[in-house]
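# Remarks on the overall topology
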Amino acid sequence: SGPRIDWRFRKVCDEGFLRCMNKDQDLPPFDDFLGLKETSFANTKLLVFTGISGSGKSSYLNFLAQAHPDFKNLSQEWIWTMHQSFQVKPNQKKCLFLIDEIASPLQLPSLIRIKKSTAQWVVASHIHRLWFRLLLPQEKIKFYHTDHSTKKLETWMHRWGISFSKESLLAFQKKYGSSYVDLKCILERSPKKDLDYALNKHFRMDSIKIEKCSQWT
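Cut-offs used in this document
- Per-chain numbering applies: the sequence of each chain, read as written, is numbered from 1 onward.
- This being a predicted model, a pLDDT of at least 70 is required before a residue's local features are given, and a value of 80 or more before pairs of side-chain atoms are given or counted; all residues contribute to the totals for chains, interfaces and linings.
- To get the side-chain values, take all heavy atoms of the structure and skip hydrogens and water.
- At least two DSSP bridges between two strands are required for those strands to pair.
- Numbering of helices and strands runs from the N terminus; a helix is a DSSP stretch of H or I covering at least four residues, while a strand is a stretch of E covering at least two.
- Lines fitted to C-alpha atoms define the axes, with helix axes restricted to the stretch in contact, and inter-axis angles between N-to-C directions lie between 0 and 180 degrees.
- Accessible area is worked out with a 1.4 Å probe on protein chains only. A residue is then buried under 20% of its type maximum, exposed over 50%, and partly exposed in between.
- The contact definition used throughout considers only heavy atoms, calling two residues in contact when any of these lie within 4.5 Å.
- Here the aromatic set is Phe, Tyr and Trp, taking the six-membered ring for Trp, and pairing holds for ring centres within 6.5 Å; pairs whose planes are under 30 degrees apart are stacked, those over 60 apart are edge-to-face, and all others are tilted.

## What about the sheet that holds strand β4 (residues 120–125)?
Taken together, the 5 strands give an open sheet; going across it, the order is β2-β3-β4-β1-β5, and neighbouring strands pair in parallel fashion. Either end of the sheet is taken by a strand with one partner, and the two such strands are β2 (76–80) and β5 (141–145). Adjacent strand axes in the sheet meet at a mean angle of 15° when their direction is disregarded. The pairing of strand β3 (residues 96–102) with β4 spans 6 bridges and is classified as parallel. Bridging across to β4, Ile 99 finds its partner in Val 123.

## So, the side chain of Thr 150
Tracing the backbone shows Thr 150 in the loop between β5 and α4 (151–159). On the basis of relative accessible area, Thr 150 is assigned to the buried category, the value being 15%. Excluding its chain neighbours within four sequence positions, the residues that come into contact with Thr 150 are Leu 169, Leu 170, Gln 173 and Ser 178.

## Considerations on the packing of aromatic side chains
All told, the structure shown has 14 aromatic pairs when counted by the stated rule. Centroid distance Phe 30 to Phe 63: 4.4 Å. Interplanar angle 20°. Geometry classified as stacked. One end of the pair, Phe 30, is in the loop between α1 (15–20) and β1 (46–50); the other, Phe 63, is in helix α2 (residues 57–67), and 33 residues separate them in sequence. Of the two residues, Phe 30 and Phe 63, both sit in the buried class. Counting every residue linked through ring pairs, the aromatic cluster contains Phe 30, Phe 33, Phe 41, Phe 49, Tyr 60, Phe 63, Phe 71, Tyr 144 and Tyr 180.

## Focus on the pairing of β3
The element β3 is extensively covered by neighbouring structure, given that 7 of its 7 residues are classed as buried. In the sheet, β2 pairs with β3 via 5 bridges, with the strands oriented parallel. Across the sheet, the residue bridging to Glu 77 is Phe 97, located in β3.

Note that all results are geometric; they support no functional claim without further evidence.
Encoded structure:
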């Protein structure tokens with residue numbers, strides 16, 4: 001089978017586990033492909049990460065919460081929305097809220113409390129940034145897009161010793177975007193650590209058509 005990935009800063013639903021990861025030496029290697037480790041967010045009220053599923057949004061929330069100097073020592077509250085509306089308790093005296101994730105504009109009213117909050121907020125989102133501008137026109141917001149290049153996929157494959165050609169990498173991105181999850185799924189369908197081989201096999205398997213029962217002989 002293909003490489004088994006020890007996911008770096010994968011989404012964690014066990015808050016106890018997150019609380020124990022409070023030291024830099026506890027953190028596994030992370031590809032900061034947006035270069036945010038040295039970026040100052042001291043005066044930023046809201047950070048929004050946009051991109052397709054599997055492109056690193058949730059990983060960046062974990063990374064900032066656990067490793068970024070502006071956030072790692074703050075009292076934190078994680079909110080997993082399950083794509084539903086959510087509430088932040090009025091008596092929550094947290095300095096950092098991490099929202100994973102916003103999938104519909106219908107969830108945005110749940111963020112209204114940002115206007116009266118002194119805390120900082122970090123959000124993983126599938127909706128366009130303009131929705132946040134409309135809801136919070138006066139707030140200081142920074143947006144980052146996690147699905148914008150193949151460089152991070154190259155870095156990931158080099159780390160795991162997976163060979164690839166430029167053509168296969170571009171073909172993958174054209175169809176699936178810069179998604180770690182989709183890349184892993186395709187590689188796991190192949191016995192070789194080679195994207196060209198795996199992608200060719202994947203496309204051939206997906207080209208197989210299954211006839212309707214009425215056409216069976």
